[in-house]
Amino acid sequence: MKKKNEPSFYESVQRNFDRAASHTKIPSGLLAQIKECNAVYQIRFPVKIGANYEVIEAYRVQHSHHRAPTKGGIRYSRKVTQEEVMALAALMSYKCAIVDVPFGGAKGGVKISPREYSTAQLEKITRRYTTELVRKNFIGPGIDVPAPDYGTGSREMAWILDTYMVFKGGEIDAAGCVTGKPVAQSGIRGREEATGRGVFYGIREVVNDAELMNSVGLEVGLEGKTMAVQGLGNVGYHTAKISSEEGGVKVISVAEYEGAIYNKSGIDIEKLHRHRARTGSIMDFPGAKNLEQRKATLEVRCDILVPAALENQIKKSNANRIKAKVIAEAANGPVTADAEEMLLKKGVIIIPDMYINAGGVTVSYFEWLKNLSHMRFGRLEKRFDQNTYLNLVNLVERQTGKSIKEREKTVLARGADEIDLVRSGLEETMVTAYGQIREIMHRKKDVKDLRTAAFVNALGKIASDYINLGVFP
Ligand code: GLU
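Reference entry: report on the structure contained in this document. Just so we're clear, the structure is a prediction, and the values are computed from it rather than from any experiment.

Parameters at a glance
Residues numbered from 1 in each chain as written. Predicted model: local features only at pLDDT ≥ 70, side-chain atom pairs only at ≥ 80, totals over all residues. Heavy atoms only, no water. Pairing = 2+ DSSP bridges. Helix = DSSP H or I, 4+ residues; strand = E, 2+ residues; numbered from the N terminus. Axes fitted to C-alpha atoms, helices over the stretch in contact; angles between N-to-C directions. Salt bridge = Lys/Arg side-chain N within 4 Å of Asp/Glu carboxyl O. Buried < 20%, exposed > 50% of the residue type's maximum accessible area, 1.4 Å probe, protein only. Near = heavy atom within 4 Å. Polar contact = N/O pair within 3.5 Å; in protein donor to acceptor, adjacent residues only side chain to side chain. Areas by Shrake-Rupley, 256 points an atom, 1.4 Å probe, with all protein chains shown as cover. Nonpolar A, V, L, I, M, F, W, Y, C, P; charged D, E, K, R; others polar. Contact = heavy atoms within 4.5 Å. Phe/Tyr/Trp six-rings, centres within 6.5 Å; stacked < 30°, edge-to-face > 60°. Lys NZ or Arg CZ within 6 Å of the ring centre and 35° of its normal. Core = buried A, V, L, I, M, F, W, Y, C linked by side-chain atoms within 4.5 Å. Expected span 1.5 Å × (residues − 1).

Read across the sheet, five strands follow the order β1-β2-β4-β3-β5 without closing on themselves; strand pairing throughout is mixed. Each having just a single partner strand, β1 (39-49) and β5 (144-148) make up the two edges of the open sheet. Each strand of the sheet is rotated relative to its neighbour by a mean of 25 degrees, with strand direction disregarded. With five bridges connecting them, strand β2 (residues 52-62) and strand β4 (residues 104-110) associate as antiparallel partners. Of the residues in β4, the one forming a bridge with Gln-62 is Ala-106.

This is the structure we're talking about:
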């Protein structure tokens, strides 16, 4: 709930926009155009639930039409409001610009708590919502492309695709009307882990940045850093799992809906995931202690805090109790504008949502490209590469007279699969975007935090698109 004096999520986004805008030379009229949501569609539709009809409240907001299609997830949550969806849609525009994904930003929201409905009822709601979008031309591979968000996943995306096909079956690129689909239904390998994996690559960039690490008194490098994670949903789970398994990070605290746990020697995320699937809760996990309150995870002493749940989690009332040196905003908007001011004064590094969680939409972009090309990545070149590498390995073997083991040959002469290409493209995207953000901080000495720099980067790109379109001379 919004506390008195606490800015709303939308207000925080607008305030961050204004702060960044003051560091640019973009004309005020163009800034005003970039800032506003271009189209807001509010829908109420009836769905028969049991013996009764329920009127469902839903939204789709297209924040920016400077590029087509617009892109962004669909959220199912009791807390959905028009303002929240507007804030999320705006973040999508900036996010896409930062990682050079050529889309405008959008977001959808359906005001329901998925836990309160059966699978069949959720399917009915999803199909009806999609129908409403088709009716108003708010969905399509060249118009607006939804994806999963809080409370939705590949199952919902499959229902959306199927409903869309009922209306647009003959459309050659219909599969690109939604992303985050199951792999067997025109999805792409690596989309599910993408946001978490992107968070991992982004954190790795920050902790390898000597200048930033010096400023908070941490050693350079990921290995051995402590991490606390709020939310073990898709994003939190993959961030924690990949950071510990591939980065050597120690996850010491995890919070979920039902409570929070702590273990200073580290929590095995895969085991915790299985424990939760078995018992329905993260509590009473062997070796870890239960914390009194779930919000305690936000306040534990750790190097990296990953809020991976919802917006407005770190606010004026608890910002002073945060002990982390680095906050990676895996969720959208977890730190309010007021809390950010307090944390920045303390020297905390905040890696902004619009950069750090952009891995999801990046791989969504790859999925959309795959759908438009009607072919799996790697299909053309994999065997060719494999044969070329094998010829090279055999040549080395002949020239040196030393034999190379068959197992080593297979590893050396491997062509890339779809998952390898997706991960490589994602890593490249996160590394390049980080470089651009840091370059802005080096060039503009009065830009001192990552969010402002990321925003300045996004605003510059969107503004130049508008200028190239001839909308603003
Ligand atoms: N819902 C995700 C986000 O907030 C993904 C959006 C997408 O893939 O289009 O970035």
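Turning next to the pattern of salt bridges. Applying the stated rule across the entire model yields 44 salt bridges. Here Arg-197 and Glu-193 are joined by a salt bridge, their closest N and O atoms 2.7 Å apart. With a gap of four residues between them, Arg-197 and Glu-193 both fall in helix α6 (residues 191-207), about one helical turn apart. Both residues of the pair, Arg-197 and Glu-193, belong to the buried class. We note a salt bridge from Asp-417 to Lys-382, for which the minimum N-O separation is 2.6 Å. Residue Asp-417 is found in the loop between α16 (406-412) and α17 (418-443), and its partner Lys-382 is found in helix α15 (residues 382-400); the two are separated by 35 residues along the sequence. You can call Asp-417 partly exposed: its relative accessible area is 28%.

Neighbouring residues of the ligand: 14 residues in total, closest Lys-71, Lys-95, Lys-107, Asp-149 and Ser-364. In the environment of the ligand, an oxygen atom lies 2.8 Å from a nitrogen or oxygen atom belonging to the side chain of Lys-71. Within the contact set of the ligand, an oxygen atom lies 3.0 Å away from a side-chain nitrogen or oxygen of Arg-191. For the ligand, whose unbound accessible area comes to 300 Å², protein coverage reaches 94%. Every element with two or more residues in the shell around the ligand is listed here: β3 (70-76), α3 (82-98), β5 and α14 (359-373). Among the residues forming the shell around the ligand, the class breakdown is four nonpolar, five polar and five charged.

Turning next to the environment of Arg-376. Inspection of the secondary structure puts Arg-376 in the loop between α14 and α15. Given the relative accessible area of 36%, Arg-376 is considered partly exposed. Other than its neighbours up to four places away in sequence, Arg-376 contacts Arg-189, Lys-370 and Glu-418.

Right, let's talk about unusual backbone geometry for a bit. Note the cis peptide between Ala-68 and Pro-69, where omega equals 0 degrees. Secondary-structure assignment places Pro-69 in the loop between β2 and β3. Of note in this structure, Asp-100 is not a glycine but carries a positive phi near 55 degrees. Structurally, Asp-100 is set in the loop between α3 and β4. Accessibility expressed as a relative area gives 44% for Asp-100, which makes it partly exposed. For Asn-312, which is not glycine, the phi dihedral falls at a positive 55 degrees. Looking at the element boundaries, Asn-312 is found in the loop between β10 (304-307) and α11 (316-319).

A few words now on the packing of aromatic side chains. All chains considered together, the criterion is met by 10 aromatic pairs. Ring centres 5.9 Å apart and planes at 85 degrees place the aromatic pair Phe-17 and Phe-455 in the edge-to-face group. Taken as a pair, Phe-17 in helix α1 (residues 9-21) and Phe-455 in helix α18 (residues 450-469) lie far apart in primary sequence, 438 residues in all. Phe-17 sits in the buried class, given a relative accessible area of 1%. Lying over the aromatic face of Tyr-257, Arg-115 brings its terminal NZ or CZ to 3.9 Å of the ring centre.

What follows deals with the nonpolar core. Core analysis: the biggest nonpolar cluster contains 97 residues, and Tyr-94, Ile-203 and Leu-459 have the highest contact counts within it. The element best represented in this core is α3, accounting for 12 residues. The residues contacting Tyr-94, other than those within four sequence positions of it, are Val-13, Phe-17, Ile-34, Lys-35, His-63, Met-354, Phe-455, Ala-458, Leu-459 and Ile-462. Core analysis: the second largest hydrophobic core is formed by 28 residues, Tyr-76, Tyr-117, Tyr-129 and Cys-177 among them.

Turning next to α1. Here α1 contains 13 residues, and its C-alpha end-to-end distance of 18 Å stays within 8% of the 18 Å for a straight helix at 1.5 Å per residue. All of the buried residues along α1 are Phe-9, Tyr-10, Ser-12, Val-13, Gln-14, Asn-16, Phe-17, Ala-20 and Ala-21.

For the rest of this paragraph, the subject is the sheet that holds strand β12 (residues 349-351). The mixed open sheet is built from seven strands, whose spatial order is β9-β8-β7-β6-β10-β11-β12. Looking at which strands have only one partner, the edges of the open sheet turn out to be β9 (289-291) and β12. Here the average twist between neighbouring strands, direction ignored, is 20 degrees. Of the strand pairs in this sheet, strand β6 (residues 226-230) and strand β7 (residues 250-256) are connected by five bridges, and their pairing is parallel. When the sheet's bridge partners are listed, Ala-228 is paired in β7 with Ser-253.

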